[in-house]
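# Examining the three-dimensional arrangement
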Amino acid sequence: MLNKKVEEILNVQIEKEGYSSNLYLAMASWAEAKGYEGIAGWLYAQAEEEREHMLKIIAYVNERGGHALIPGFEKPPVDYKSVKPMFEEVLKHEQYVSASINEIVALCETEKDYATLNWIQWFVAEQIEEEASAGSILDKLNLLGEGRLYIFDRDIMKMRGE
Ligand SMILES: [Fe+2]
Ligand SMILES: [Fe+2]
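Procedures and definitions
Residues numbered from 1 in each chain as written. Chains lettered and ligands numbered in written order. Predicted model: local features only at pLDDT ≥ 70, side-chain atom pairs only at ≥ 80, totals over all residues. Heavy atoms only, no water. Axes fitted to C-alpha atoms, helices over the stretch in contact; angles between N-to-C directions. Helix = DSSP H or I, 4+ residues; strand = E, 2+ residues; numbered from the N terminus. Parallel < 35°, antiparallel > 145°, perpendicular 65-115°, else oblique. Left-handed = near helix turned anticlockwise from the far one by under 90°. Contact = heavy atoms within 4.5 Å. Nonpolar A, V, L, I, M, F, W, Y, C, P; charged D, E, K, R; others polar. Donors = N, O, S within 2.8 Å, 3.2 Å for Na, K, Ca; no water. Tetrahedral: all angles 85-135°; square planar, octahedral: opposite > 155°, others 65-115°. Buried < 20%, exposed > 50% of the residue type's maximum accessible area, 1.4 Å probe, protein only. Salt bridge = Lys/Arg side-chain N within 4 Å of Asp/Glu carboxyl O. Phe/Tyr/Trp six-rings, centres within 6.5 Å; stacked < 30°, edge-to-face > 60°. Lys NZ or Arg CZ within 6 Å of the ring centre and 35° of its normal.

## As for the packing of helix α2 (residues 37–63) against helix α5 (residues 121–144)
The geometry of α2 relative to α5 is characterised by a closest axis approach of 13 Å and an angle of 165° between their N-to-C directions. Taken together, the axes of α2 and α5 are roughly antiparallel relative to one another. Here α2 and α5 pass one another in a crossing that is left-handed. Taking contact as the criterion, the partners of W42, Q46, E49, E50, H53, K56 and I57 in α2 are, on α5, W122, F123, E126, E130, S133 and I137. In the contact of α2 with α5, the residues fall into 5 nonpolar, 3 polar and 5 charged.

Right, here's the structure in full:
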C-alpha cells in the first residue's frame, strides 16, 4: 500500500503537472494566434508532455493501491506581452516544478518509501532536462534579440530533443 502522506503529495503533483499542461496549451494558443507557428508547435508538444507526466503519476498512485484524484485546474494566463517574457515564465515554472519534485524526494526519504523514491528519480532527471531546454531557448532568444523572432520561430522545433 502507498504511504498516505506520499499519496497526498503525489495528488498535489498531479494538479501541478495538469496545470503545466494547460499553461503551455494557453501559451501555444497565444503564439498560434499571433502567427508564431514554430513556437506554438513547441508549446503544444510541451503541453502534451506535461499531460503524460500527469498520467504517469495517476497510473503509479492507482497501481500502488492509492486513489489518484483528478482536480479542477486554475485558469492559466492567456495573454503574454511578448515571446521572451513568456519563455521566462516557462523557465520559472519549470524551476517551481523541480522544487516540488524535490519535496517529494524529501518526503519519500523521511517516510522511508524507497519504492516511490526510486520511481520519482525519472522526474528528477526529467526536470534537469526541462530546465536546460527552457534555459537554452532563452539563450537563443537573447542571442537573436526580439527583432529576429522570425528566425527563432522557424528554428525552435529543431531545439526539441537536443
Ligand atoms: Fe512535468
Ligand atoms: Fe515540465
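## Section: the coordination of the iron ion (ligand 2)
Ligation of the iron ion (ligand 2) by protein atoms is provided by E50 (OE), E94 (OE), E94 (OE) and E130 (OE), these donors lying 1.9 to 2.5 Å from the ion. Between the 4 donor atoms coordinating the iron ion (ligand 2), the angles at the centre fall across 55 to 148°, so the site counts as irregular. Counting the intervening residues between successive donors of the iron ion (ligand 2) yields the motif E-x43-E-x35-E. A separation of 3.3 Å is found between the iron ion (ligand 2) and the iron ion (ligand 1), which share E50 as a coordinating residue. In this pair, E94 is assigned in helix α3 (residues 83–110) and E130 in helix α5, connecting sequence segments 36 residues apart. Take E94 and E130: they sit in the same class, and that class is buried.

## A look at the pattern of salt bridges
According to the stated counting rule, one finds 5 salt bridges in the structure shown. Note that E89 and K92 form a salt bridge whose closest N and O atoms lie 3.3 Å from each other. Of this pair, E89 and K92 both sit in helix α3, 3 residues apart, which is roughly one turn of that helix. Between R154 and D155 there is a salt bridge whose closest N-O contact spans 3.1 Å. Classification of D155 by relative accessible area gives buried; the value is 18%. In the salt-bridge network here, residues are joined through shared partners; they are R154, D155 and K158.

## Let's talk about the coordination of the iron ion (ligand 1)
Geometrically, a metal with four donors at the corners of a regular tetrahedron has ideal angles of 109.5 degrees, and one with six donors at the corners of a regular octahedron has ideal angles of 90 or 180 degrees. At the metal site, the iron ion (ligand 1) is ligated by E17 (OE), E50 (OE) and H53 (ND1), and these contacts range over 2.1 Å. Of note, the iron ion (ligand 1) draws all its donor residues from one chain, in the sequence arrangement E-x32-E-x2-H. Residue classification places E17 among the buried residues on the basis of a relative accessible area of 0%.

## Overview of the packing of aromatic side chains
On inspection of all chains with the given rule, the structure shows 7 aromatic pairs. Residues W30 and Y36 carry aromatic rings whose centres are separated by 6.3 Å and whose planes lie at 40° to one another, so their mutual orientation is tilted. Pairing W119 with F123 gives two aromatic rings, centres 5.4 Å apart and planes at 55°, and the pair type is tilted. For the pair W119 and F123, a shared accessibility class is recorded, and that class is buried. Lying across the ring of W122, K56 places its NZ or CZ 4.0 Å from the centre.

## Some thoughts on the packing of α2 against α3
Describing two packed helices takes the angle between their axes plus the distance from one axis to the other. With their axes 13 Å apart at the nearest point, α2 and α3 run at an angle of 15° to one another. Taken as axis vectors, α2 and α3 run roughly parallel relative to one another. Crossing handedness for the pair α2 and α3: left-handed. Taking contact as the criterion, the partners of I39, W42, L43 and E50 in α2 are, on α3, V83, M86, F87, V90 and E94. Residue classes in the contact of α2 with α3 are distributed as 7 nonpolar, no polar and 2 charged.

Function cannot be read off these values alone, since they describe shape.
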